[in-house]
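# Topology and contacts: notes
Below are the chains, spelled out letter by letter.
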Amino acid sequence: MRHANYVMNTIVLLFSLILPVAVLAAEQPEIVCIQCHSTMPGKIGEPVNLWRGSVHAENGIACNACHGGDPSDAANAMSPARGFLGAPKEKAIPAFCGRCHVGVHTDYLASAHGRALGKGGPTCVTCHSNHQVLKASLDLINEKSCTRCHSFERARVIKAAMQETEAMIVGIDARIKAYKATGTDTDKLEKGLFAVRNRFHTLFHNVDVEMVKKESTQIQAELKKIEAVLQGLDDSRHKRKIAGAIVVAGALLAAVFVHLLRKTYE
Ligand code: HEC
Ligand code: HEC
Ligand code: HEC
Ligand code: HEC
Ligand code: HEC
């Protein structure tokens, strides 16, 4: 009886958790910001379509998450009393994005780029754009983008060091996944890689060539430790295979031997 109750309660609980979400997803109207802006021409309407394909749209960061305002009341949507911030001026952009990307903001402010803010340095949107922000990758470091202001030489060194590390991370990730697929406990390896990868992705914004090179060396040393553990797994798997082969071969030999013995005595 208690058990049946428990099951019933669990089912009720699950439904009460799932249903509202399902209903919300089905019925939630578009926020008023999008309803109105998508009908506007030019610079006022453009952000909507650019934003739709962005990493922010994908993660539920809508117009009001960045610009403030009231997304459910068309008449007061852009009222400062409802927290509307408007569009930030160039110098205010890093802090505007930095409300959520705190670590990046700190690194940026301390960098040559942050020090040149308002004096010819790039802001977040120079490299990431404002509305069509995509998942970040090293492809953002390219001649076209970086040579708008200076030569590509220093950028090239940073990119090379980071690409080398990235390749190691991708390779290790694939090896861990392969072991995981065979049922090996890869928890510790995954956590180790996760930590190193996070550290790696905080590297870029200081744009300090020496620091990136030095940090890359340290990160690669950490990655080599993970590779050594994987090598250990490879080796013991190899040994197990050989041992397995020896056992099978031994059993076969024994069978042949017994067979021959029988033949001899028959
Ligand atoms: C009823 C139509 C309407 C709604 C609803 C609306 N907007 Fe606007 N928005 C406009 C128009 C028109 C402009 C351009 C004129 C102006 O700045 O008032 C504008 C301008 C803006 C700007 C540029 C302001 C600047 O400083 O240059 C931003 C940012 C913005 N809206 C964001 C939002 C957000 C976020 C919401 C929802 C919380 C929203 N809007 C809701 C019509 C609307
Ligand atoms: C990730 C944060 C972010 C989101 C989300 C976002 N915006 Fe913006 N928006 C900005 C920034 C930053 C600027 C200032 C851009 C600049 O100067 O390059 C801006 C500028 C604008 C402007 C002024 C455009 C101009 O060129 O003068 C409008 C209008 C606007 N946004 C509307 C919207 C609407 C509508 C949405 C939702 C569909 C939206 N924004 C979502 C960050 C965002
Ligand atoms: C209201 C919080 C918020 C604001 C403001 C905001 N973002 Fe984001 N951003 C997020 C979230 C949430 C994600 C998705 C999760 C993640 O990857 O961190 C994201 C993802 C990103 C990514 C992809 C990260 C990756 O892992 O590849 C970039 C790049 C980015 N944002 C840049 C910006 C820029 C540039 C601005 C300012 C124009 C901005 N963000 C403003 C919350 C915000
Ligand atoms: C000079 C160009 C440039 C500027 C300026 C810049 N970024 Fe980036 N950003 C990049 C590059 C390149 C990467 C990819 C680094 C990587 O793959 O490790 C990146 C990565 C990111 C990520 C993903 C980091 C992660 O941990 O995965 C976020 C979020 C981000 N930037 C936000 C911002 C914000 C916010 C600002 C402004 C304070 C900013 N960026 C300024 C070029 C830039
Ligand atoms: C809007 C202009 C602008 C853009 C775009 C830009 N930079 Fe810079 N960058 C600067 C300024 C200004 C400085 C500081 C003066 C200098 O060292 O040239 C600087 C300095 C640097 C430095 C030297 C940092 C140091 O501490 O010595 C590196 C490295 C660098 N940028 C890399 C990049 C990369 C990589 C990109 C492209 C993803 C990029 N920059 C895009 C303006 C820009």
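Criteria and thresholds
- Residues numbered from 1 in each chain as written.
- Chains lettered and ligands numbered in written order.
- Predicted model: local features only at pLDDT ≥ 70, side-chain atom pairs only at ≥ 80, totals over all residues.
- Heavy atoms only, no water.
- Near = heavy atom within 4 Å.
- Polar contact = N/O pair within 3.5 Å; in protein donor to acceptor, adjacent residues only side chain to side chain.
- Helix = DSSP H or I, 4+ residues; strand = E, 2+ residues; numbered from the N terminus.
- Donors = N, O, S within 2.8 Å, 3.2 Å for Na, K, Ca; no water.
- Tetrahedral: all angles 85-135°; square planar, octahedral: opposite > 155°, others 65-115°.
- Buried < 20%, exposed > 50% of the residue type's maximum accessible area, 1.4 Å probe, protein only.
- Axes fitted to C-alpha atoms, helices over the stretch in contact; angles between N-to-C directions.
- Parallel < 35°, antiparallel > 145°, perpendicular 65-115°, else oblique.
- Left-handed = near helix turned anticlockwise from the far one by under 90°.
- Contact = heavy atoms within 4.5 Å.
- Nonpolar A, V, L, I, M, F, W, Y, C, P; charged D, E, K, R; others polar.

## Things to note about the site of ligand 3
Taken together, 18 residues form the shell around ligand 3, and within it H56, C97, C100, H101 and A136 come nearest. Between an oxygen atom of ligand 3 and a main-chain N or O atom of A136, the distance comes to 2.7 Å. Looking at the shell around ligand 3, the elements that each hand over two or more residues are α4 (55–58), α5 (63–67), α6 (93–98) and α9 (124–128). The dominant element in the shell around ligand 3, judged by the number of residues it contributes, is α9, at three residues.

## Things to note about the coordination of the iron atom of ligand 1
Binding of the iron atom of ligand 1 to the protein goes through H37 (NE2) and M78 (SD), at separations of 2.0 to 2.3 Å. Given six donor atoms and angles of 80 to 179 degrees at the metal, the environment of the iron atom of ligand 1 is assigned as octahedral. Of the two residues, H37 is situated in helix α2 (residues 32–37) and M78 in the loop between α5 and α6; the sequence distance between them amounts to 41 residues. By relative accessible area, which is 54% here, M78 ends up exposed.

## Some words on the packing of helix α11 (residues 153–181) against helix α12 (residues 187–201)
A pair of packed helices is captured by two measures, namely the crossing angle of their axes and the spacing between those axes. Here α11 crosses α12 at 160 degrees, and the two axes come no closer than 11 Å. The angle between α11 and α12 falls in the class roughly antiparallel. Remark: the crossing between α11 and α12 carries left-handed chirality. Counted together, M162, T165, E166, I169, I172, D173, I176 and K180 of α11 and L189, E190, L193, R197, F200 and H201 of α12 form the full contact between these two elements. Partitioning the contact of α11 with α12 into residue classes produces seven nonpolar, two polar and five charged.

## As for unusual backbone geometry
Excluding glycine, a negative phi dihedral is what most residues carry, and trans is how most peptide bonds are arranged. For S129, which is not a glycine, the phi torsion comes out positive at approximately 70 degrees. Following the sequence through the fold, S129 ends up in the loop between α9 and α10 (143–146). Here the phi dihedral of V207 falls at roughly 35 degrees; this positive angle occurs in a residue that is not glycine.

## Digging into the coordination of the iron atom of ligand 2
Every protein donor of the iron atom of ligand 2 is listed here as H67 (NE2) and H131 (NE2), and their distances to the metal cover 2.0 Å. Coordination at the iron atom of ligand 2 comes from six donor atoms whose angles at the metal span 87 to 179 degrees, giving a geometry best classed as octahedral. Pair noted here: H67 is in helix α5 and H131 is in the loop between α9 and α10, with a separation of 64 residues, a long-range link.

## Quick look at the site of ligand 1
Looking at ligand 1, there are 18 residues lining it, with C33, C36, H37, M78 and A87 nearest. At 3.3 Å from an oxygen atom of ligand 1 is found a main-chain nitrogen or oxygen belonging to A87. Contributions of two or more residues to the shell around ligand 1 are made by α2 and α5. Per-element tally for the shell around ligand 1: the top contributor is α2, with four residues. Residues that form the shell around ligand 1 fall into these classes: twelve nonpolar, five polar and one charged.

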